[in-house]
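Residue-level structure breakdown
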Amino acid sequence: MYKNFSKVYDKFMEICDYNEWVQLLEGYISEYNPQGKKVLDLGCGTGENLIRLSDKYECSGLDLSEDMLKRAKIKLKGRNVPLFLGDMREFDTGEKYDIMFSFFDTVNHLTSLEDLADLFNSVRNSLNSNGIYIFDVVDREFMDKMFPNDIYADNRKDFAVIWEHFYDEELNLDQIEATYFLKNKNRTFDKMTEYYEKRIFTHGEISACAKNAQLLLTKFEVNDRIAGKRLFYVLQNTEESK
């Protein structure tokens with residue numbers, strides 16, 4: 001999955017201020033689990049957050065894309081950061097964590113309530129007592145702004161992207177056909193295409209799935225300063241670990 005996107009991901013995310021995201025994460029850690037040291041990045045991509053966290057925390061990363069993890073492994077060379085190939089809906093690294101997080105609306109890539117429930121159950125099973133799971137999601141307003149006339153385009157010096165968007169109201173799925181153009185060594189452009197689906201989860205759906213997974217919804221807030229309007233959640237395992 002995301003075989004082609006992995007080739008352009010870092011180009012696409014050049015405008016992202018990873019330090020700002022890490023600062024936000026550490027603010028939640030300081031507030032809700034200040035003693036936490038063991039961290040799992042669920043949906044770690046090419047490892048940029050792990051690079052910034054690994055000097056202070058005992059970090060690991062998990063991603064569904066083998067190609068993303070290959071790039072993360074190169075970046076994290078020399079750092080003791082285990083990387084796992086796996087599905088966030090059903091994972092078990094054999095370890096338990098104090099802090100887990102999924103950033104950049106990774107959770108929106110789940111396409112059903114069953115997927116969300118599976119994710120929260122897997123998170124619950126891998127969290128230490130008082131451990132926290134932090135994630136962000138986007139809403140319908142965000143998607144409407146991102147895809148005016150159902151098109152998103154980004155044209156840079158050596159990279160361009162066109163995303164064509166369709167919202168299937170019956171399935172409640174945002175379907176995206178992505179075309180990427182990446183300049184190669186011959187100064188021509190390689191064309192790559194990929195297809196994605198995303199789902200907008202309501203606050204009620206997230207709250208219910210968290211409750212069913214025996215995770216306490218400790219924090220919910222809207223943040224429109226970091227990368228458009230995003231909804232941030234902190235779920236906490238308040239039960240004693242078995």
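Let me begin by describing the structure that accompanies this report. Note that the structure is predicted; figures quoted are calculated from it, not measured. (Residues numbered from 1 in each chain as written. Predicted model: local features only at pLDDT ≥ 70, side-chain atom pairs only at ≥ 80, totals over all residues. Heavy atoms only, no water.)

**Things to note about the overall build of the chain**
- Helix and strand counts for the chain come out as 7 helices and 11 strands.
- Taken against the 2.2 N^0.38 rule, which gives 18 Å for 242 residues, the C-alpha radius of gyration of the chain at 18 Å falls within 12% of a compact globule.
- Across the 242 residues that make up the chain, the buried fraction comes to 53%.
- In the chain, of all internal contacts separated by at least 6 residues, the share reaching a separation of at least 24 is 63%. (Helix = DSSP H or I, 4+ residues; strand = E, 2+ residues; numbered from the N terminus. Rg over C-alpha atoms; globule rule 2.2 N^0.38 Å. Buried < 20%, exposed > 50% of the residue type's maximum accessible area, 1.4 Å probe, protein only. Contact = heavy atoms within 4.5 Å.)

**A few points about the pattern of salt bridges**
- For the structure on display, the rule yields 18 salt bridges.
- One network of salt bridges, in which partners are shared, links Asp105, Asp136, Lys198 and Arg230. (Salt bridge = Lys/Arg side-chain N within 4 Å of Asp/Glu carboxyl O.)

**A closer look at the sheet that holds strand S1 (residues 38-42)**
- The strand order across the open sheet formed by 7 strands is S3-S2-S1-S4-S5-S11-S10, and the pairing between neighbours is mixed. Each edge of the sheet is formed by a strand with only one pairing partner; in this case those strands are strand S3 (83-85) and strand S10 (216-223). Strand-to-strand twist in this sheet, taken as the mean axis angle between neighbours without regard to direction, amounts to 15°.
- Two strands pair when backbone bridges link them, and strand S2 (residues 58-63) and S3 are joined in this way by 3 bridges, in the parallel orientation. If you follow Leu62 over to S3, its bridge partner there is Phe84.
- Seen against the sheet, helix H4 (residues 66-75) touches S2 and S3 and runs at an angle of roughly 170° to S3. (Pairing = 2+ DSSP bridges. Axes fitted to C-alpha atoms, helices over the stretch in contact; angles between N-to-C directions.)

**Some thoughts on the packing of aromatic side chains**
- Evaluated as defined, the whole model comprises 17 aromatic pairs.
- Between Phe103 and Phe232, the ring centres sit 6.2 Å apart and the planes meet at 80°, which makes this aromatic pair edge-to-face. Of the two residues, Phe103 sits in the loop between strand S4 (97-102) and helix H5 (113-126) while Phe232 sits in strand S11 (residues 230-236), which places them 129 residues apart along the sequence. Residue Phe103 shares its accessibility class with Phe232, and that shared class is buried.
- With centroids separated by 6.5 Å and ring planes inclined at 70°, the aromatic side chains of Phe147 and Tyr152 adopt a geometry described as edge-to-face.
- Residue Phe147 is classed as buried on the basis of its relative accessible area, which comes to 4%. (Phe/Tyr/Trp six-rings, centres within 6.5 Å; stacked < 30°, edge-to-face > 60°.)

**Overview of the sheet that holds strand S7 (residues 159-168)**
- Taken in spatial order, the 4 strands of this open sheet run S6-S7-S8-S9, and their pairing is antiparallel. Each end of this open sheet is capped by a strand with a single partner; those strands are strand S6 (151-155) and strand S9 (189-198). Here the strands of the sheet are splayed against their neighbours by 10° on average, with no regard to which way each runs.
- By the bridge criterion, 10 bridges tie S7 to strand S8 (residues 173-183) in an arrangement that is antiparallel. Within S8, the position partnered with Ala160 by the bridge is Phe181.

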